[in-house]
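# Observations on the model geometry
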Amino acid sequence: MAAVTPALRDARRLVVKIGSALLVGDDGLRADWLRGLCDDVAEWRRRGTDVVLVSSGSIALGRRVLDLPQGALPLEQAQAAAAVGQIRLARAYEEALAPHGVKTAQVLLTLEDSADRRRYLNSRATMQTLLSLGAVPIVNENDTVATDEIRFGDNDRLAAQIAVTCGADQLLLLSDVDGLYTANPKTDPDARHLPVIEAITPEIEAMGGDPVSGLSKGGMKTKLMAARTAVAGGCAMAIAEGSVMRPLSAVANGARASWFLPESDPQAARKRWIGAMKPRGALHVDQGAVAALGRGKSLLPAGVTRIEGDFGRGEPVAITGPAGQTIGLGLTRYTATEAAMIAGHQSAEIEAILGYAGRAALIHRDDMAL
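Notes on the structure in this doc start here. (Residues numbered from 1 in each chain as written. Predicted model: local features only at pLDDT ≥ 70, side-chain atom pairs only at ≥ 80, totals over all residues. Heavy atoms only, no water.)

Attention now goes to the sheet that holds strand S14 (residues 304-309). Strand order in the open sheet formed by five strands is S14-S13-S15-S16-S17, with mixed pairing between adjacent strands. Strand pairing shows two members of the sheet lacking a second neighbour, S14 and strand S17 (368-369), which therefore form its edges. Two elements, strand S16 (residues 326-331) and S17, share two bridges in a ladder whose sense is antiparallel. By the bridge assignment for S17, Gly330 is matched with Met368. (Pairing = 2+ DSSP bridges. Helix = DSSP H or I, 4+ residues; strand = E, 2+ residues; numbered from the N terminus.)

Here the focus is the packing of helix H3 (residues 58-65) against helix H4 (residues 75-97). H4 packs onto H3 with a crossing angle of 100 degrees between their chain directions and a minimal axis gap of 6 Å. Judged by the angle between their axes, H3 and H4 are roughly perpendicular. Residue-level inspection shows Ser58, Ile59, Leu61, Gly62, Arg63 and Val65 of H3 in contact with H4, the latter providing Ala78, Ala81, Ala82, Val84, Gly85, Gln86, Arg88 and Leu89. Along the lines of polarity and charge, the residues of the contact of H3 with H4 split into eight nonpolar, four polar and two charged. (Axes fitted to C-alpha atoms, helices over the stretch in contact; angles between N-to-C directions. Parallel < 35°, antiparallel > 145°, perpendicular 65-115°, else oblique. Contact = heavy atoms within 4.5 Å. Nonpolar A, V, L, I, M, F, W, Y, C, P; charged D, E, K, R; others polar.)

Here we come to the pattern of salt bridges. A pair can form between side chains of opposite charge whenever their charged atoms are brought close. Taken as a whole and assessed by the stated rule, the structure comprises 13 salt bridges. The partner of Arg47 in a salt bridge is Glu43, with the nearest N and O atoms 2.9 Å apart. Overall, Arg47 belongs to the partly exposed group, its relative accessible area being 37%. Between Glu43 and Arg246 there is a salt bridge, with the nearest N and O atoms lying 3.0 Å from each other. Here Glu43, found in helix H2 (residues 31-46), pairs with Arg246, found in the loop between strand S11 (236-241) and helix H10 (247-252); they are 203 residues apart in sequence, far enough to count as distant. For Arg246, a relative accessible area of 32% translates into the label partly exposed. Counted as one network, the salt bridges with shared partners bring together Asp40, Glu43, Arg47 and Arg246. (Salt bridge = Lys/Arg side-chain N within 4 Å of Asp/Glu carboxyl O. Buried < 20%, exposed > 50% of the residue type's maximum accessible area, 1.4 Å probe, protein only.)

Turning to the sheet that holds strand S10 (residues 196-197), a few remarks are in order. Taken together, the eight strands give an open sheet; going across it, the order is S5-S6-S4-S1-S7-S11-S12-S10, and neighbouring strands pair in mixed fashion. Strands at the two margins of the open sheet, each flanked by one partner only, are strand S5 (104-109) and S10. Across six bridges, strand S7 (residues 170-175) lies against S11 in parallel orientation. Along S11, the bridge assignment pairs Ser175 with Glu241.

Following the criterion strictly, the structure yields zero aromatic pairs and no others. Looking at Arg47, its charged tip hangs above the ring of Trp44, at a distance of 4.4 Å from the centre. (Phe/Tyr/Trp six-rings, centres within 6.5 Å; stacked < 30°, edge-to-face > 60°. Lys NZ or Arg CZ within 6 Å of the ring centre and 35° of its normal.)

Those residues of helix H11 (residues 266-275) not exposed but buried are Pro266, Ala269, Arg270 and Ile274. Looking straight down H11, one finds that the buried residues subtend no more than 130 degrees of arc, so they occupy a single side. Contact partners of the buried residues in H11: helix H6 (117-132), helix H9 (220-232), S16 and S17. (Arc of directions from axis to C-beta.)

The subject of this paragraph is the side chain of Asn155. Its location among the elements puts Asn155 in helix H7 (residues 155-165). In terms of polar contacts, Asn155 uses its side chain to reach the side chain of Asn140, at 3.1 Å. If we ignore the near neighbours within four places in the chain, the residues touching Asn155 are Lys17, Val54, Ser55, Ser56, Asn140 and Glu141. (Polar contact = N/O pair within 3.5 Å; in protein donor to acceptor, adjacent residues only side chain to side chain.)

And the structure:
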């Protein structure tokens, strides 16, 4: 049976990565193209789809303002260009989406923000809150502070990490190529386009090539790395040529693309990931909390009767019922010390007890596997 290609219009949460070569031309920002992209984003938002944009372009924009040469820049100059260009990039998106009544937010991340569990959970919570409030996050690597040792290095992999972090079901990489080929189509006339990739095999990985644009850092190899991250997290990923004026509409209407099929849905993948962790402690809960968890609720401090172990924020802990039975596993939003202080108390009391306004749930329902 032939694999079913995902429909872009059916996405519940869509992450779109925009390459520098699409956004910035020889004359600077391609404002008409950006307006067309944002027309699409607004259309998807009206249909109820959450949209996150992972956008390159800050260095390409900033280097023009600072009169820096084309080609690779020293780290300090690249960071300076990013600092100048990021302001212009964020403003351009804001101005293009404002006529549609769409709010925007700027999110700058480094590799450390996904490698450190506490910072990862904070990033996830921020993204979830922005989306719940109807905003479109504009995400980019924080090039102004990232060093070579702590960089994603390309926005393909950053976009895949963002897709997994925010539980997206679809990821679209808009690039200067229309998908994956069996060989480089520019040099091999027998190269075949692959519309659907059901598994990333060693043969598929061998098809990766080098960057073809002077502005973009990522080639097909980085896109395949991104695909591996995305599909493992339950997110379908497509690679499509994005230079047309309404790129999302083009893909939705059948423009050529390569789709990588996910191994499961995002929520199931995340639950499986959490469930495989080794707990660093335990939260003992009362019967009321057990019942609430069974109804899909988060674990609130009021339902916790005892803390066991020494754990930090973001670390996995077991959830144990009143009879000693294991209910599940979750990522705690508080340290063991903090959890012991607020256990048995109402969420409204957290600030008075800890001295700062913490999160209402000890473990959010999205961060637990029962």
